[in-house]
Amino acid sequence: MKLLLFVCCSIFFGYCYGQSDSISLNIDNKKYNPATLLWYNKPAAKWEEALPVGNGRLGGMVFGKVSEERIQLNEDTYWTGGPYSTVKKEGYKSLPEIQKLVFEGKSLQAHTLFGRTMMGYPVEQQKYQSLADLYLSFSNQGNFTDYKRWLDLETGITGCEYKCNGIRYQREVFSSVPDQVIAIRITADRVSSISFAVQLRGVRNQAHSNYGTDYFQMGTIGDDQLVLTGKSADYLGIEGKLRYEARLKVVAAGGKVYRDDAKLIVEAADEVTLYFTAATNFINYKNVSGDQHVLVEKYLKAIEGRNFNSLLQAHLKDYQPYFKRVSLRLPVTDNSFLPTDERIKTNIDHSDPALAALAYQFGRYILLSSSRPGTQAANLQGIWNENMNPAWDSKYTTNINLEMNYWPAETANLSETFQPFVQLVKDLTDQGSQVAKEHYGCNGWVFHQNTDIWKVAAPMDGPTWGTFTVGGAWLCNELWEHYLFTLDKKYLQEIYPVLKGSVQFFMDFLVQHPNGKWLVTNPSTSPENFPASPGNGPYFDEVTGSILPGTTICAGSSIDMQILTDLFGYYAEASGILEIDKEFASKVTAARSRLVPPQIGKDGSLQEWTEDWEQLEKNHRHSSHMYGLYPGNVLSMRRTPEFINACKAVLNNRGDGAAGWSRAWKVALWARLYDGNRANKIFKGYLKEQCYPQLFAMCGTPMQVDGTFGITAGITEMLIQSHEGVIDLLPALPDEWREGEINGVHARGAFELNIKWKEGKLEVAQLFSKQGAVCRIRAHVPVFITGRGKRIKTKMKEDVIEFPTEKGIVYTIEAKKK
C-alpha cells in the first residue's frame, strides 16, 4: 500500500542498514528502532538464547560465541520414518457401542473400547529432526570486549561484533529464499587476522543409539567444501526413508584454506564467507524419490561467481517488501534501549510499550522465516529444533497450536505465508477420507489432534486425545478466514471441496442427543481436560500404559459445537457465493440449527461440556470452550451479550498464567472482550514467565512458536478487529499505549489500513480497498471520510459508518476537530 504514508518507524529513528558497523554504533548512540532490533551484550549460553534465521526451509540458530561459534541447522523435510498409514480397517464396527456407552454415562468403558478398536496404528507419530551443527573454532580469541549481538528484523540478518587483541571482528548471518542458502560473512578491521577451523557435524539420536538406525558421514570436497550425508531413523516400525545431503562452501579473501580430515582450516584471511545448503529426497508426503545431491549441486551452482553482497541484495529484495508492509510504533521509554533480555526482565516494573511492538514484529519475522510458498507448514517449533527427541515430537498439533501458528498470517499482512497451511490441509484429506470410511463409516474426511510430515489422520496417542474429531474442521475454518481477508473467489473454488468434505463427514457423524433436540458429536472431547462427570476418576489406560486422571470422552463438547457452528455457516456462505450445492447447503443449515447452543452452568461460567460438569484439573491451560469468542465467531460482546459474563467467569477461574501459547490465547480473548488493560497485563506476565530472551515462546520449558505467533495476533486484536463485518478501530487499547500508529494492518473485506491515535483516541486512519467491497467501520469518535479528494457520503447505523469503496482507492477517515 505505497500510497499510505505515515512516518515509518525506521525512518523516525534514523536507522538504516548498509554500513557494516552501523548497527553497533547505532546501539551505542540509541539511534535505532526498538520495535525492530533485538540486541544483547553477551553470547547465547544455550540453544534457547540463540537467534533464529530461516527461509521457510533452512533454519539456523546462531549463538554468537567468540572462541567457538555454533550454528545449529535444520531442513524442514528431515523427519524420522517415511510414507506410512495409520488407518485401521473396519474400526467403525464398534462405533455404535461406543456411542451407546457414552450416552449411558459409561465413559471409562467407552474409552477402553475406543482404544482397542478405533485408534490409529502406530498410535504415535514421527519426529521432526535436527540436521547438523556448524562449528567455527577461532584462533587466539579467548578474551574479548565491546561485545554486541543482534537480530535486525528489518533486514532478517543476525550478527555479532566484538574486539579481541585490538582487532574488531564482525559476523553476519541470513537465510536466503532466492538462493536457498544460509550465508555467513566474517570480517575484521585488520588484514590477515581471520583464522579458524570449521566443521559440519551430523546429529544422531544418542538417547536411542542402542537401536538407532539413523547415520551420517562427514567429509570434504576439494579444499573448500564440507559435505555431510545421512539417512533418517526408523521409528515406530516405520522405515527411515529420507536421505539428506548438506554442504558448506568456504570462500576466503586473502590467506589460505585447506582441508584437515573432516575439517577445513582458514588461515590469515582478510574476509571469509560461508555458504550452507542442504536437501533431502522428500518430494511430498507419499513420494521420497527425489535426489538430494542434485538439489544441493543446483543451489551451489546458482551462486557460483557471486559474492556475499550479491546474495544479500537478493535476500533484501525478497524479504523487505514482506516485512515492511506493516510497522507498529508504540511509546518509547528509556528502557526501550536496554538489551532485549533486560527489557524483558524489567517490563512489569518499568514501562516499555515499544517492547510489545518488538514482540509483534518478531512474530511476523518468525512466520516469514518458517513458512513460505512451497515449504512445509510451520510445526510446533517452526523450523528450529536441536533435539532428536523434541517435546511432542515437534509435530503439528491441531487442538490449538497449528491454528495459532497462522493466526497472524492475514491480520499482519503476510497472506502468502499461509500457502503451506493450505497444502497441509489438502494433503490431510487423503488419509482423512480413508479414516472417515474405515474408522467411522462416514463420507467426507476427518482429522484429529496431530499429524506429521507424512500427513497421517487417524486418532493418535490415546483416546484422551484421539477423540478430537473436529481438528480438520477447525483447519477448514482457518481456510475460510483466508477468503474473508482476500475475497479471492478463485481460492474459494480451490478450497470448496475441502470444506464440503469436512461438512459431509459431520453430516454423517452427528447423532441425536438423548433429549431428542440436539445433534452432537459422539465420541467427543474438550482438548486435554478431564470432566468431573459421574464415575470419572483415576484410570489405568491400556493404550498409553499409564494412570490418567480419568477420561476426556464425552458427547458434544462445547468446542465441537462451536467449531461446527462456524464450519456449517461458512460452508453455506461458500455454497451461496459459488452458487453450487444449494440443496445440500440447506440441509447443512438445518443441522446447524440443532447443534447444542452455548450454555451457562450453575456456577455462572460458560459450560465446557453439554452437561453441567466441573473439571478435575484446576486452572486448566486450554480455554477450549472460548473458541467461539476467539478465534471463532460464535460468541460476541455485541451479538451475544448474555454470554459475556459467563465467558469472563471462565477466564477468571482459569487465571492469567499457564504455558506461553495459553497466555497468548488469553491476550486475544480479553481483547475480544474489549479489555485492553487485562490483555496487556497477561502479555507482560507472558514476557516475564513464558518467553525466552529472543522472544520465542515457552510451553512450560520447551520452546514453541505458537505463543510467539499468538502474541502477534493478540496485539492486532487490541488495535483492530473485523470479525463481525465491521472494522472496529482501537477496540481494546491499553492505557499504557495512549499514542501510536500501526501501518499496513489487514482487515476482513480485503482492506488494508493505517491507524494513528493520540490520547487513546483515533486521530486519523487511511483505508486501502483491495476488492471494492462495502466498508463498515466503527471509529469510536465522530469522523468524516474522504476519497479521491472528495467527501464520501456515508450511512450511519448506531455507531457503525457504512460507505461503498472502489477497488484500488485510498480513503481517509479523520476525527472531527472539537
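Residues numbered from 1 in each chain as written. Predicted model: local features only at pLDDT ≥ 70, side-chain atom pairs only at ≥ 80, totals over all residues. Heavy atoms only, no water.

As for the layout of surface pockets
Space inside the largest pocket adds up to approximately 690 Å³. The set of elements that each furnish at least two residues to the lining of the largest pocket consists of α13 (471–486), α15 (558–578) and β31 (775–778). Element by element, the count of residues in the lining of the largest pocket is highest for α15, at five residues. A breakdown of the residues in the lining of the largest pocket according to their chemical character gives 18 nonpolar, nine polar and eight charged. (1 Å grid on protein atoms, 1.4 Å probe; cavity = no way out; pocket = protein on both sides within 12 Å on 5 of 7 lines; lining within 4 Å. Points joined across faces, edges and corners; volume = space filled by probe spheres on them. Helix = DSSP H or I, 4+ residues; strand = E, 2+ residues; numbered from the N terminus. Nonpolar A, V, L, I, M, F, W, Y, C, P; charged D, E, K, R; others polar.)

Side note on empty space enclosed by the protein
For the structure on display, the rule yields 10 cavities of 30 Å³ or more. Size it by volume and the largest cavity reaches roughly 200 Å³. Taken together, 20 residues make up the lining of the largest cavity; nearest its centre are Trp407, Glu478, Glu481, Pro631 and Arg748. Going through the elements one at a time, α10 (408–411), α13 and α15 are the ones with two or more residues in the lining of the largest cavity. If you tally residues by element for the lining of the largest cavity, the top one is α13, at five residues. Residues belonging to the lining of the largest cavity are distributed by class as follows: 10 nonpolar, three polar and seven charged.

Description of unusual backbone geometry
Note the cis peptide between tyrosine 121 and proline 122, where omega equals 0°. Within the secondary structure, proline 122 is located in the loop between α4 (107–117) and β5 (132–138). Going from asparagine 522 to proline 523, the amide bond is cis rather than trans, its omega being 5°. The phi dihedral of aspartate 146 falls on the positive side, at around 50°, and the residue is not glycine. With respect to the helices, strands and loops of the structure, aspartate 146 is situated in strand β6 (residues 145–152). One non-glycine residue, leucine 487, adopts positive backbone phi at about 55°. On the secondary structure map, leucine 487 appears in the loop between α13 and α14 (489–509).

Things to note about the state of the cysteines
One pass over the structure, following the stated rule, counts zero disulfides. Looking at cysteine 160, it has no disulfide partner, and the nearest cysteine sulfur is the one in cysteine 164, 12 Å off. Looking at cysteine 160, the relative accessible area reads 2%, which means it is buried. For the unlinked cysteine cysteine 442, the closest cysteine sulfur is that of cysteine 476, found at 15 Å. (Disulfide = S-S within 2.5 Å. Buried < 20%, exposed > 50% of the residue type's maximum accessible area, 1.4 Å probe, protein only.)

A short note on the packing of α13 against α14
The interhelical angle for the contact between α13 and α14, taken along N-to-C directions, is 155°, at an axis separation of 10 Å. Put simply, α13 runs roughly antiparallel to α14. α13 and α14 meet at a crossing whose hand is left-handed. Contacts between α13 and α14 pair Gly472, Ala473, Cys476, Leu479, Trp480, His482 and Tyr483 from the former with Lys489, Tyr491, Leu492, Ile495, Val498, Leu499, Ser502 and Phe506 from the latter. Taken together, the residues that form the contact of α13 with α14 break down as 11 nonpolar, three polar and one charged. (Axes fitted to C-alpha atoms, helices over the stretch in contact; angles between N-to-C directions. Parallel < 35°, antiparallel > 145°, perpendicular 65-115°, else oblique. Left-handed = near helix turned anticlockwise from the far one by under 90°. Contact = heavy atoms within 4.5 Å.)

Considering the pattern of salt bridges
With the rule as written, the count across this model stands at 49 salt bridges. As a salt-bridge pair, aspartate 341 and lysine 42 come within 2.8 Å of each other at their nearest N and O atoms. With aspartate 341 in helix α7 (residues 340–346) and lysine 42 in the loop between β1 (37–40) and β2 (51–54), this residue pair connects regions lying 299 residues apart in the sequence. With a relative accessible area of 10%, aspartate 341 lands in the buried category. Where glutamate 267 meets lysine 256, a salt bridge forms, and the shortest distance between an N and an O atom there is 3.7 Å. Note that glutamate 267 is positioned in strand β15 (residues 263–269) and lysine 256 in strand β14 (residues 256–260), a separation of 11 residues in sequence. (Salt bridge = Lys/Arg side-chain N within 4 Å of Asp/Glu carboxyl O.)

Any link to function would need more than the numbers given here.
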